[in-house]
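What follows is the residue order along each chain.
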Amino acid sequence: MNHEAALRIQAWVDGELPSPADREVAAWVERDPDAAALATELRHARSALREGEPEYSAPVSREFYWSAIERRIASPRTPQPQAPAAPPFAWLARWFVPAGILAALALVLMLPALRDQFAPPVKRASEEVESPLDDISSVTFRSESEGITVVWVNAR
Amino acid sequence: MGIKTGMNRIILHTLLCVAASLWFLAGTPAVSGADLALRSQLLWGTDQEKPRESTYKEVDPKVKGKLSRIFKWKHYFEINQQKVTLEANDTKRLKLSAKCEIDVRFLDAHTLEIKLYGEGKWTKTIRQSVAALNRGELAVLAGDDKDKYGDAWFVVLSADRP
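Rules used in this analysis
Residues numbered from 1 in each chain as written. Chains lettered and ligands numbered in written order. Predicted model: local features only at pLDDT ≥ 70, side-chain atom pairs only at ≥ 80, totals over all residues. Heavy atoms only, no water. Helix = DSSP H or I, 4+ residues; strand = E, 2+ residues; numbered from the N terminus. Contact = heavy atoms within 4.5 Å. Areas by Shrake-Rupley, 256 points an atom, 1.4 Å probe, with all protein chains shown as cover. Buried < 20%, exposed > 50% of the residue type's maximum accessible area, 1.4 Å probe, protein only. Phe/Tyr/Trp six-rings, centres within 6.5 Å; stacked < 30°, edge-to-face > 60°. Lys NZ or Arg CZ within 6 Å of the ring centre and 35° of its normal. Polar contact = N/O pair within 3.5 Å; in protein donor to acceptor, adjacent residues only side chain to side chain. Pairing = 2+ DSSP bridges. Axes fitted to C-alpha atoms, helices over the stretch in contact; angles between N-to-C directions.

A. View of the overall build of chain B. In terms of regular secondary structure, chain B is built from three helices and nine strands. The secondary structure elements of chain B, listed N-terminal to C-terminal, are α-β-β-α-β-β-β-β-β-α-β-β. In chain B, once contacts between residues fewer than 6 apart in sequence are set aside, the share between residues at least 24 apart is 50%. If you sum the accessible surface of chain B, you get close to 9300 Å²; carbon and sulfur atoms cover 56% of it.

Dropping the structure here:
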């Protein structure tokens, strides 16, 4: 049986054929066992689908159910909850953290220079530190009035 | 999500701050407040008159006046004079004669270290207040002249001011 013939039998089972064609197919199914088998199978499939399909019933009437959906579509959108207003100078606060990090870095880098800047000045205008040679001695004297400090080096 | 966005903003702002600082620093001339113009003089103190063949000249009156009010010698001849600009983290060696050299360097912004070398040997180290030099004071290293009894040598350091 070709596909065209099978579709014709399916239309007959579903009651979709006009009356001359309906009678022709009915006669064909009676005399042809293959067509009869296909018609029987199609009927079983149809009844299985009808009986096996679950039925859902709305808890409210059909009109009320659809009117609720319609109202929901027609109603204006509910406004989204607003984010809390940013405090004043929030834009300034955003810069505090990076500026603080930068200031700390700058302070660490500048510490040696600051230490020198604020270090107490040497108390005396000049002072001897060391004489590496054993046969060298020295005497330091200073004249405040002349603004001169002399380290006199004596070689023994 | 919110924390990630916040961190990204902080990183972005930090980078912007760093970039702005670098731009500012790049346009700022280097601070050279520690630079010091120094004058070093090697002097010969003697009672003798200047030898005829000598090219030595008497030291300038200001230095001579200071020395004369302390020491006994009549004359202070300048053997050599060198000027140098000393920068931070910089050591300068000044050869004042065949036998006399000094090293000068900043210990810190306020203090100079001066090392004296006699005949190539490290002989003495002193520390000198930079502020005192800038006030016009003199730092002097001196000693007896080995070759001429009764004479003396002086290494005089001062701030070189126009």
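B. A look at unusual backbone geometry. All names here are of chain B. Positive phi, close to 60°, is recorded for Asn89, a residue that is not glycine. With respect to the helices and strands, Asn89 occurs in the loop between strand S3 (75–86) and strand S4 (91–95). Under the relative-accessibility criterion, Asn89 is labelled exposed at 81%.

C. Structural context of the packing of aromatic side chains. Considering all chains together, one arrives at eleven aromatic pairs over all chains under this definition. Judged by centre distance (5.8 Å) and plane angle (85°), the rings of Tyr65 of chain A and Trp66 of chain A are edge-to-face. Accessibility expressed as a relative area gives 41% for Tyr65 of chain A, which makes it partly exposed. When the ring of Trp44 of chain B is compared with that of Tyr56 of chain B, the centres are 6.1 Å apart and the planes differ by 80°; the resulting orientation is edge-to-face. Of this pair, Trp44 of chain B sits in strand S1 (residues 36–46) while Tyr56 of chain B sits in the loop between S1 and strand S2 (57–58), and the two are twelve residues apart along the sequence. The class of Trp44 of chain B is buried, set by a relative accessible area of 6%. Every member of this aromatic cluster is reached through a ring pair, and the members are Phe141 and Trp152 of chain A together with Phe71, Trp73, Tyr76 and Phe154 of chain B. A cation sits over an aromatic face here: Arg93 of chain B above Tyr117 of chain B, 4.1 Å from the ring centre.

D. Here's a closer look at the side chain of Glu137 of chain B. Mapping Glu137 of chain B onto the fold places it in the loop between helix H3 (130–134) and strand S8 (138–144). Side-chain polar atoms of Glu137 of chain B contact the side chain of Arg142 of chain A, separated by 2.8 Å.

E. Spatial organisation of the sheet that holds strand S3 (residues 148–155) of chain A. The seven strands are arranged S2(A)-S3(A)-S8(B)-S9(B)-S1(B)-S3(B)-S2(B) in an open sheet whose pairing can be described as mixed. Unpaired on one side and paired on the other, strand S2 (136–143) of chain A together with S2 of chain B mark the two borders of the sheet. Strand contacts of helix H2 (residues 61–68) of chain B: S3 of chain A together with S1, S2, S3, S8 and strand S9 (152–159) of chain B, with the helix running at about 55° to S1 of chain B, the strand carrying the most contacts.

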